[in-house]
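A structural walkthrough
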Amino acid sequence: MTHTKITYFEDVDTLHLSIADDAEAGSVEISPDVTAELNADGELIGVEIINASSYLRDKILESAQARLLQLSKKVA
């Protein structure tokens, strides 16, 4: 059965996104602090983000700043 579940482990500042019930057979580091979890067929079953609070904050701020810069160029 497939499900989507997000779990945040505050004590270690780790966010885990599970998108399938399959057992993890391997993993691939996507970027520092982000790991893709794979099943035996090599399909994505989850994503783990360590240092999640700062990682997500930085990504959201980066995206918002880029969008605001685009908007300010249209107004000018």
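Shown above is the structure to which this text applies.
Note that the structure is predicted; figures quoted are calculated from it, not measured. (Residues numbered from 1 in each chain as written. Predicted model: local features only at pLDDT ≥ 70, side-chain atom pairs only at ≥ 80, totals over all residues. Heavy atoms only, no water.)

Quick look at the overall build of the protein chain
What the protein chain contains, in helices and strands, is one helix and five strands. Along the chain direction, N to C, the helices and strands of the protein chain fall in the order β-β-β-β-β-α. Whereas a compact globule of 76 residues would reach a radius of gyration of roughly 11 Å, the protein chain reaches 16 Å, over 25% beyond that. Oriented by its inertia axes, the alpha-carbon framework of the protein chain measures out at about 55 × 30 × 20 Å. Counting the 76 residues in the protein chain, one finds 21% classified as buried. Residue pairs at least 24 apart in sequence account for 28% of intrachain contacts in the protein chain once pairs closer than 6 positions are excluded. The average position of the 6 basic charges and that of the 14 acidic charges among the side chains of the protein chain differ by 19 Å. (Helix = DSSP H or I, 4+ residues; strand = E, 2+ residues; numbered from the N terminus. Rg over C-alpha atoms; globule rule 2.2 N^0.38 Å. Buried < 20%, exposed > 50% of the residue type's maximum accessible area, 1.4 Å probe, protein only. Contact = heavy atoms within 4.5 Å. Lys, Arg positive; Asp, Glu negative; His and termini not counted. Charge placed at Lys NZ, Arg CZ, Asp CG, Glu CD.)

Regarding the environment of Ala52
Secondary-structure assignment places Ala52 in helix H1 (residues 52-75). Between the C-alpha atoms of Ala52 and Phe9, which are 43 residues apart in sequence, the distance is 9.4 Å.

Comments concerning the pattern of salt bridges
Tallied over the full model, the rule gives one salt bridge. Asp58 is the salt-bridge partner of Arg57, the closest N and O atoms lying 3.1 Å from each other. A relative accessible area of 47% means that Arg57 is categorised as partly exposed. On the accessibility criterion, Asp58 (39% relative accessible area) is partly exposed. (Salt bridge = Lys/Arg side-chain N within 4 Å of Asp/Glu carboxyl O.)

Considerations on the environment of Ser63
Of note, Ser63 is situated in helix H1. Each C-alpha atom, one on Ser63 and one on Lys74, is 17 Å from the other, the two residues being eleven residues apart in sequence.

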